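Given next are the chains, with one letter for each unit.
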Amino acid sequence: MSLFSFFTRSRSAPVARDRLQILLAHERSLSGQSDLIAVLREEILAVIAKHVSIDRDKVNVKLECGDQVSTLEVNVEVIDQPKSAPN
Amino acid sequence: MPKVMVVTSGKGGVGKTTSTASLGAALAQSGQSVVLVDFDVGLRNLDLVMGAERRVVFDLVNVVQGDAKLPQALIRDKRIDTLTLLPASQTRDKDALTEEGVKNVIEELKEKFDWIICDSPAGIEKGAQLAMRFADMAVIVTNPEVSSVRDSDRIIGMLDSKTLRAENGDTFEKHLLLTRYNAARAARGEMMNVQDVLEILAIPLLGIVPESNDVLTASNVGCPVTLNTPDSMAAKAYSDAARRLRGEKLEIVEPMERKGFMSRLFGRKAATA
C-alpha cells in the first residue's frame, strides 16, 4: 500500500481539472438565470399574496431548461385560513 | 488610439496588483505612455508596490468627486518618465466612486496616455464592475489552482455581459495571464498545467509568470520586477506579455526552472540559499 501510494501520491492535477470542468459546465448554464428566477419569484408572490396569505419561506421556484422544452415549476404552500373557509 | 485595459481576477491574492505594476512598467519601458489606475478603494496597494506610497496627496476619489483636478492626483514615476500612477483612496469606501465620475476620469486620461491600466479590486461587487466598465480589453490573472480558475471563469462571464463594449455588441479582447506557475510541479501532475487551464477558460494566453522570489523581492522594495531584476524569468515573462499586448507575435514557452546538480541533490534550500 505504501509503495503504491508513493507512486500515485501526487497526481492530483487531473482531479482538479475534472472537478472544475464539471462544476463550471453547471455554473455556466445557470449564469444569467438567477436574476430571472428572483424576479419571477417576487412577481408571482405579489400576485398570490393579494388574494391568499402565504408563507414566504415555503415558496419554491424552479426553472429547468431542456433541449426541447423548458419548465417553470412554482410550489407555494398556502396558510390555512379557517375564517374564510366556506364550510 | 489609447487602450483601456482592466487587470482582474475575481479572487484576491493571485497577483493583480503585481501584474498591473509589472505590465505597466514593461509597456512604459518600451516607450509607451502608461497610467496605472488603482480601483481598490479602501485597500489600495498599487502605490506601495510601485514605491510611491509617500508621494500620494490626492487620489481617484478626490478627482471623481471634484475635490482635486486630475493632474494634481497623478504621480509620475521617478524611474521611468512615461509611467504614471493614479492612486486609490485609502480612507473612503467603494461607494465613493460613481459610474459617471469614473467615465469622465477615463475620458480625460485617454487624452494624455497610450495605455490606461485599471487595477481591479478582488470580488465581483461595484468596485470590480467599475474597474471593468469602460475597458476595451482585459487581462485575467489566474493561478493554476481550483478556486482561482473558478473565479476567473465567473469574471470572464461578467466581462462578456457587464462592460460597456459588451453591452454595445463590440469586440472585447480577453487575455489570460497565468501567474505563480510552478512548471516542475505541473510536470509532476501536482499542479494543473497550462493546457488544463486554457482548456477550461478558453481564452487566449498572454503569458506564464513563474512562481519566483524575484516577484516578492520587487514588491518588498517597491519596484516593478521588470525594473528591479530585468533578467529574471518573471521579468522576462512580463516583458514578453507586454510585447504581445502591443501586437507582437512571440512564442510562449513554459518557464522551466533550470536546476543545477547541487540544488537537485539538496532540494529547494540549497537553491535559494
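Cut-offs and rules
- Just so you know, the residues in each chain are numbered from 1, in the order the chain's sequence is written.
- Throughout, the order in which chains and ligands are written sets their labels, letters from A for the former and numbers from 1 for the latter.
- Per-residue local features of the predicted model are confined to residues with pLDDT of at least 70, and side-chain atom pairs are confined, for both listing and counting, to 80 or more; whole-chain, interface and lining totals are unaffected and use all residues.
- To obtain the side-chain values, all non-hydrogen atoms of the structure were used and water was disregarded.
- UniProt positions are given in the numbering used here, feature names are shortened, and annotations may be inferred rather than shown by experiment.
- The secondary structure listing takes helices from DSSP runs of H or I that are at least 4 residues long and strands from runs of E that are at least 2 residues long, numbered from the N terminus.
- With a 1.4 Å probe rolled over the protein chains alone, any residue whose accessible area is under 20% of its type maximum counts as buried; one over 50% counts as exposed, and the rest are partly exposed.
- Helices are assigned an expected span. That span is 1.5 Å times one less than the residue count.
- Think of it as the arc spanned by the lines of direction from the helix axis to the C-beta atoms.
- A pair of strands is considered paired only if DSSP assigns at least 2 bridges between the two.

Draft legend 1. Geometry of the UniProt feature "domain: CobQ/CobB/MinD/ParA nucleotide binding" (unreviewed entry) in chain B. In this structure's numbering, the residues bearing the UniProt feature "domain: CobQ/CobB/MinD/ParA nucleotide binding" (unreviewed entry) are residues 6–222 of chain B. As annotated, residues 6–222 of chain B has a helix share of 41% and a strand share of 18%, and its two end C-alpha atoms lie 21 Å apart.

Draft legend 2. Summary view of unusual backbone geometry. All names here are of chain B. Phi at Arg 180 is positive, roughly 55°, even though this residue is not glycine. Tracing the chain through its elements places Arg 180 in strand S7 (residues 173–181). Using a relative accessible area of 44% as the deciding quantity, one classes Arg 180 as partly exposed. Its identity is not glycine, yet Ala 202 carries a phi of approximately 55°, on the positive side. Locating Ala 202 in the fold gives a position in the loop between helix H10 (194–201) and strand S8 (205–210).

Draft legend 3. Local environment of helix H5 (residues 99–110) of chain B. Residue and element names in this part refer to chain B. In this model, H5 (12 residues) spans 16 Å end to end at C-alpha, consistent with the 16 Å of a helix rising 1.5 Å per residue. Within H5 the residues assigned to the buried category are Gly 101, Val 102, Val 105, Ile 106 and Leu 109. In an axial view of H5, the angular spread of the buried residues amounts to 130°, which keeps them on one side of the axis.

Draft legend 4. Geometry of the sheet that holds strand S5 (residues 115–119) of chain B. All names here are of chain B. On the basis of which strands lie adjacent, the open sheet formed by 8 strands has the order S3-S4-S2-S5-S1-S6-S7-S8 and mixed pairing. Since the sheet does not close on itself, it has two edges, and those belong to strand S3 (75–76) and S8, each with one partner. Pairing of strand S6 (residues 137–142) with S7, which is carried by 6 bridges, proceeds in the parallel orientation. For Ile 140, the partnering residue across the bridge sits in S7 and is Leu 176.

Draft legend 5. Focus on helix H7 (residues 146–162) of chain B. With 17 residues, H7 of chain B extends 24 Å from end C-alpha to end C-alpha; this agrees with the ideal 24 Å at 1.5 Å per step. Regarding H7 of chain B, the residues found buried are Ser 148, Val 149, Ser 152, Asp 153, Ile 155, Ile 156, Met 158 and Leu 159 of chain B.

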